[in-house]
Amino acid sequence: MTNIEAPNTADLDRLHDRLVHAADEAGLLDLAYRTVDTPIGRLLLAATDRGVVRVAFETEGHDRVLGDLAARVSPRILNTPKRLDTLARELDEYFAGQRLGFDVPIDFALSRGFRRDVLGHLAVIPYGTTESYAQVAVATGNPRAVRAVGTACATNPLPIVIPCHRVVRTDGSLGGYLGGLHVKRTLLDLEAAA
Amino acid sequence: MTPFELIVREHGPTVLRVCRAVLTAHDAKDAWSETFLSALQAYPRLGADANIEAWLVTIAKRKAIDVIRTRARTPVPVGDVPDGASELGIPDDERGEVWALIGALPDKQRKCVAYHYLVGLPHSEVAAIVGGTTDAARRAAADGVAALRRAYATIPGGTA
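Predicted model only: the values in this text are computed from it and were never measured.

### Focus on the overall build of chain B
Argument step 1. Helix and strand counts for chain B stand at seven helices and zero strands.
Argument step 2. From first element to last, N terminus to C terminus, chain B shows the α and β order α-α-α-α-α-α-α.
Argument step 3. Across chain B, the fraction of contacts at a sequence separation of at least 24, relative to all contacts at a separation of at least 6, is 64%.
Argument step 4. When the accessible surface of chain B is totalled, it reaches about 7,800 Å², and 51% of it is carbon and sulfur.

### Side note on the interface of chain A and chain B
You'll often see interface size given as the accessible area lost when the parts meet.
Argument step 1. If you look at the interface, chain A gives 26 residues, while chain B gives 34 residues.
Argument step 2. Summed over both sides, the interface of chain A with chain B buries roughly 2,800 Å², with 67% coming from carbon and sulfur.
Argument step 3. Scanning the region where chain A abuts chain B turns up three salt bridges.
Argument step 4. Between Asp13(A) and Arg9(B) there is a salt bridge; the shortest N-O distance is 3.7 Å.

### Details of the packing of helix 5 (residues 107-118) of chain B against helix 6 (residues 123-130) of chain B
Residue and element names in this part refer to chain B.
Argument step 1. Between helix 5 and helix 6, the least distance of the axes is 10 Å, while the angle of their chain directions is 135 degrees. The pairing of helix 5 with helix 6 is recorded here as oblique in orientation. Here helix 5 runs over helix 6; the crossing is right-handed. Only His123, Val126, Ile129 and Val130 of helix 6 make contact with helix 5, whose side of the interface consists of Lys108, Lys111, Cys112, Tyr115 and His116.

### A short note on the side chain of His11(B)
All names here are of chain B.
Argument step 1. Structurally, His11 is set in helix 1 (residues 4-22).
Argument step 2. Of the residues examined, His11 reaches a relative accessible area of 9% and is grouped as buried.
Argument step 3. A distance of 3.0 Å separates polar atoms of two side chains, one belonging to His11 and the other to Glu53.

### Description of the sheet that holds strand 1 (residues 31-38) of chain A
Residue and element names in this part refer to chain A.
Argument step 1. Read from one edge to the other, the open sheet built from four strands follows the order 3-2-1-4, with strand pairing classed as mixed. In this open sheet, the two edge strands, each paired with only one partner strand, are strand 3 (52-56) and strand 4 (77-79). Looking at each pair of strands side by side, their axes are set apart by 25 degrees on average, direction ignored.
Argument step 2. For strand 1 and strand 4, the ladder comprises three bridges, and the chain directions are parallel.

Cut-offs applied
Residues numbered from 1 in each chain as written. Chains lettered and ligands numbered in written order. Predicted model: local features only at pLDDT ≥ 70, side-chain atom pairs only at ≥ 80, totals over all residues. Heavy atoms only, no water. Helix = DSSP H or I, 4+ residues; strand = E, 2+ residues; numbered from the N terminus. Contact = heavy atoms within 4.5 Å. Areas by Shrake-Rupley, 256 points an atom, 1.4 Å probe, with all protein chains shown as cover. Buried area = accessible area lost by both parts, 1.4 Å probe. Salt bridge = Lys/Arg side-chain N within 4 Å of Asp/Glu carboxyl O. Axes fitted to C-alpha atoms, helices over the stretch in contact; angles between N-to-C directions. Parallel < 35°, antiparallel > 145°, perpendicular 65-115°, else oblique. Left-handed = near helix turned anticlockwise from the far one by under 90°. Buried < 20%, exposed > 50% of the residue type's maximum accessible area, 1.4 Å probe, protein only. Polar contact = N/O pair within 3.5 Å; in protein donor to acceptor, adjacent residues only side chain to side chain. Pairing = 2+ DSSP bridges.

Keep in mind these values describe shape, not function.
Okay, here's the thing in structure tokens:
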């Protein structure tokens, strides 16, 4: 009785698709996610039914990010590429230098208070330009909160889509970036060249 | 909590095996889907120390019983399976004959074999699911496996 085969992968994939569809119909799919390969590595994209809630770099550890989403948003998470097809396509266009902004609904559920205000301002910094942390602090009505702006950028749950990479130091040096400084450099160079 | 996607990936094959051990291949897929949809709904309220596999198997068993009840006139596939149109196992499953043999076992033996040997639940937990004592579950599983060994040895290419 040791020869019973494991159910085959294609069968399980079909059942998974069917489950995703049924869960969506029943309103039980709280979080959909997929990954997408980009020039700066594999990104994890996650969305609630309100919009994109998380973009994560590979270096953050995608399993860890999913665990965090389970704790903070909902454990009803399924791999559902379809709900994120539009963002995946727009990211392709962005990295090809053919898109200046993202046109998808955003869910800011992971950010509150001042950090949420900072993200709201970052969203309107134009493509190809930068602002200093101090300028962002002024723009959000709290000129002394330069360090807090830095923290808000460093904890941005929606990097690239909410362009925290467009915030640099007053002296023009890069400052920090969750995805690594080389990634920040790559994004700024991409936008400068387009 | 563990993201539900990982629960599906980790336990999906086991739940399908359990469903296939007690249902036709087609019905097993329906029961699998019903099981995970129902589990997804209840999952956020599940206790942190819950045995996820035992929980899923309990749901799968309930769903399987639902299916069996709706198929009351043809409760379980047993006996001869027509050539070319087997509902037991999938066409590319090399060991489809094993599923046919499992399908031919008496009801309690089949479940005790499935839950203990396929799922790996201890006999005490199998007893809690199928009813009766731990000893009875152990005996039914052992009898089932012995019957399978005997039956498997009689089919071409089968070695016990």
